[in-house]
Amino acid sequence: MPGVALVGSGSADLPATLTNDDLSQLVDTSDDWIASRTGIRQRHLAGADDSLASLAAAAGKNALAMAGLAPEEVQLIVLATSTPDDLFGSACQVQTLLGASRAVAFDLTAACSGFVFALVTAAQYIYTGVFQNVLVIGADVLSRWTDWDDRRTCVLFGDGAGAVVMQRQDDSQGTEEPGNGLLGFELCSDGTLNNCLNLSYQVASKPLVGDLTVQQGQFVPITMNGREVYKFAVSRVPEVIEKALFRANLTTADVDWLLLHQANQRILDAVADRLKIPRDRVLSNMIHHGNTSAASIPLALDEAVRSGQVQPGDVIATAGFGAGLTWGAAIVRWG
Ligand code: UT7
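Bear in mind the structure is a predicted one, so any value in this text is a computation, not a measurement.

A. Fine view of the pattern of salt bridges. Under the criterion given, the structure shown has eleven salt bridges. The shortest N-O distance in the salt bridge between R151 and D28 comes to 3.7 Å. A residue pair is termed long-range when its members are at least 10 positions apart, and R151 in helix 6 (residues 151-154) and D28 in the loop between helix 1 (20-23) and helix 2 (31-38) qualify at 123 residues. For R151, a relative accessible area of 46% gives the class partly exposed. Among the residues examined, D28 registers a relative accessible area of 62% and is labelled exposed. In this structure, R306 engages D302 in a salt bridge whose closest nitrogen and oxygen atoms are separated by 2.7 Å.

B. Highlighting the side chain of N264. Following the sequence through the fold, N264 ends up in the loop between strand 13 (257-260) and helix 8 (265-275). Residue N264 is classed as buried on the basis of its relative accessible area of 8%. A polar contact of 2.8 Å, which involves the side chain of N264, links it to the backbone nitrogen of R266. Dropping the residues within four chain positions of it, N264 is found in contact with R37, T38, Y230 and M286.

C. Quick look at the environment of S235. As for its placement among the helices and strands, S235 is situated in helix 7 (residues 226-247). A polar side-chain atom of S235 sits 3.3 Å from the main-chain carbonyl oxygen of F232.

D. Here's a closer look at unusual backbone geometry. Residues G324 and L325 are joined by a peptide bond in cis, for which omega reads -5°. Structurally, L325 is set in the loop between strand 14 (315-322) and strand 15 (326-333). Despite not being glycine, K276 shows a phi value in the positive range, around 60°. Relative to the elements of secondary structure, K276 occurs in the loop between helix 8 and helix 9 (286-289). K276 sits in the exposed class, given a relative accessible area of 70%. Of note, S293 is a non-glycine position whose phi angle comes to about 55°, a positive value. Looking at the element boundaries, S293 is found in the loop between helix 9 and helix 10 (296-306). Classification of S293 as buried rests on a relative accessible area of 4%.

E. Spotlight on the site of the ligand. Neighbouring the ligand are 23 residues, the closest being T29, R37, R227, N264 and N291. Within the side chain of T29, a nitrogen or oxygen atom sits 2.7 Å from a nitrogen atom of the ligand. Here a nitrogen atom of the ligand and a side-chain polar atom of W33 are 3.3 Å apart. Contact with the protein chains hides 78% of the accessible area of the ligand, taken as 950 Å² for the molecule alone.

F. Geometry of the sheet that holds strand 8 (residues 182-189). With respect to topology, four strands assemble into an open sheet ordered 8-15-14-13, the strand pairing being mixed. Every other strand in the sheet has two partners, leaving strand 8 and strand 13 as the edge strands with one partner each. Pairs of neighbouring strands in the sheet enclose a mean axial angle of 10°, with direction left out of account. Against the sheet, helix 7 engages strand 8, strand 13, strand 14 and strand 15, with an angle of about 40° to strand 15.

G. Region of the structure containing the nonpolar core. Ranked by internal contacts, the top residues of the largest apolar core, which has 46 residues, are V237, I241, L258, L260, V271 and F321. Among the secondary structure elements, those contributing two or more residues to this core are helix 7, strand 13, helix 8, strand 14 and strand 15. With nine residues, the single largest contributor to this core is helix 7. Shared between two domains, this core holds at least three residues of each, these being domain 1 (3-169) and domain 2 (182-195 + 221-333). When neighbours within four sequence positions are excluded, V237 is seen to be in contact with F232, L260, V271, A319 and F321. With 36 residues, the next largest nonpolar core counts V136, L301, A304 and V332 among its residues.

H. Representation of the domain arrangement of the chain in the model. Segmentation of the chain into domains returns domain 1 (3-169) and domain 2 (182-195 + 221-333). Using only C-alpha atoms to locate each centre, domain 1 and domain 2 end up separated by 16 Å. Of the residues lining the interface, 46 residues belong to domain 1; the matching set on domain 2 comes to 42 residues. The largest share of the area that domain 1 buries against domain 2 comes from C112, V116 and F117, three residues that together contribute 16% of it. The tally of links from domain 1 across to domain 2 stands at zero salt bridges.

Conventions used here
Residues numbered from 1 in each chain as written. Predicted model: local features only at pLDDT ≥ 70, side-chain atom pairs only at ≥ 80, totals over all residues. Heavy atoms only, no water. Salt bridge = Lys/Arg side-chain N within 4 Å of Asp/Glu carboxyl O. Helix = DSSP H or I, 4+ residues; strand = E, 2+ residues; numbered from the N terminus. Buried < 20%, exposed > 50% of the residue type's maximum accessible area, 1.4 Å probe, protein only. Polar contact = N/O pair within 3.5 Å; in protein donor to acceptor, adjacent residues only side chain to side chain. Contact = heavy atoms within 4.5 Å. Near = heavy atom within 4 Å. Areas by Shrake-Rupley, 256 points an atom, 1.4 Å probe, with all protein chains shown as cover. Pairing = 2+ DSSP bridges. Axes fitted to C-alpha atoms, helices over the stretch in contact; angles between N-to-C directions. Core = buried A, V, L, I, M, F, W, Y, C linked by side-chain atoms within 4.5 Å. Domains from an automatic or database assignment. Buried area = accessible area lost by both parts, 1.4 Å probe.

Put into structure tokens, the structure is as follows:
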């Protein structure tokens, strides 16, 4: 069976920032409350000329450049997002913006777990030998769907996009198994907890003809039961990482970096403590970006790779969690 390698990362640059002090002009909050309860000090916002597709394409372009690949060499683009420009999907627009004319492209929705789900999905196409080069993008513009009057949620979210290039590794010598960049994974869902975190569609009945009506409405901004999601994350995330490590035949001692969805610094600390992973092996950038949903993991990975923190060969335990509810972990080797 072929192996898979992570050979490039990239992210989009969003210059506009919204600080905690800015937010305190919108709602009854403070820098002190937000920083101490979440670890966030600022978040980035998409500009007036940005679209979900343009941010995703910018991240993808940077990842392809790091991998040394031309867009025409990509065969598959998986776009993890919950905030597409078009409900029919934004991946094809990303394909066009990148000039990846030979790629098939589709969206994948799993909220803040989206990037991990997309990474694992992409790997399956590589393992089966179907595709050689796959671009996996996590991008979200949650600012479109944030209730800017709700202090319980509006202080958390930011916009962003990050990407990785996954590449098939064939054993050219035929003597040994090719190296594998996806060492183990575990994905989970629990729809019974769906009402903890929603960006839901509110139906309005519209008479059509005779007795017939159609159900048309609109999506309403994000609602979240923060305490329930917090409890869910600190109990289920360590568990799912342990399962993924077990599948990889590794232990936490083998983990160079813990890279969680950047939701709350207190969640990162609690999960690291439960797994007995030292705090200096936890990657965190939420202080600058807040919670960017599907973008948070590839964005933090890209920053850590470009700063030299993550080195080729490093083992990264990554986990996403969020709406659905969904959660999942992947143990990956960088480079
Ligand atoms: O990406 C998807 C996954 N999402 C998450 O993982 C989010 C998980 N949840 C959390 O991170 C935390 O629950 C929050 C950061 C959302 C909230 O922190 P908390 O420590 O759980 O606060 P709380 O909801 O228990 O609220 C404590 C108090 C409340 O006041 P009372 O009722 O005790 O008087 C809130 O009204 O803090 C109040 N509060 C605020 N005060 C100032 C809530 N939001 C704010 C705010 N500024 N922004």
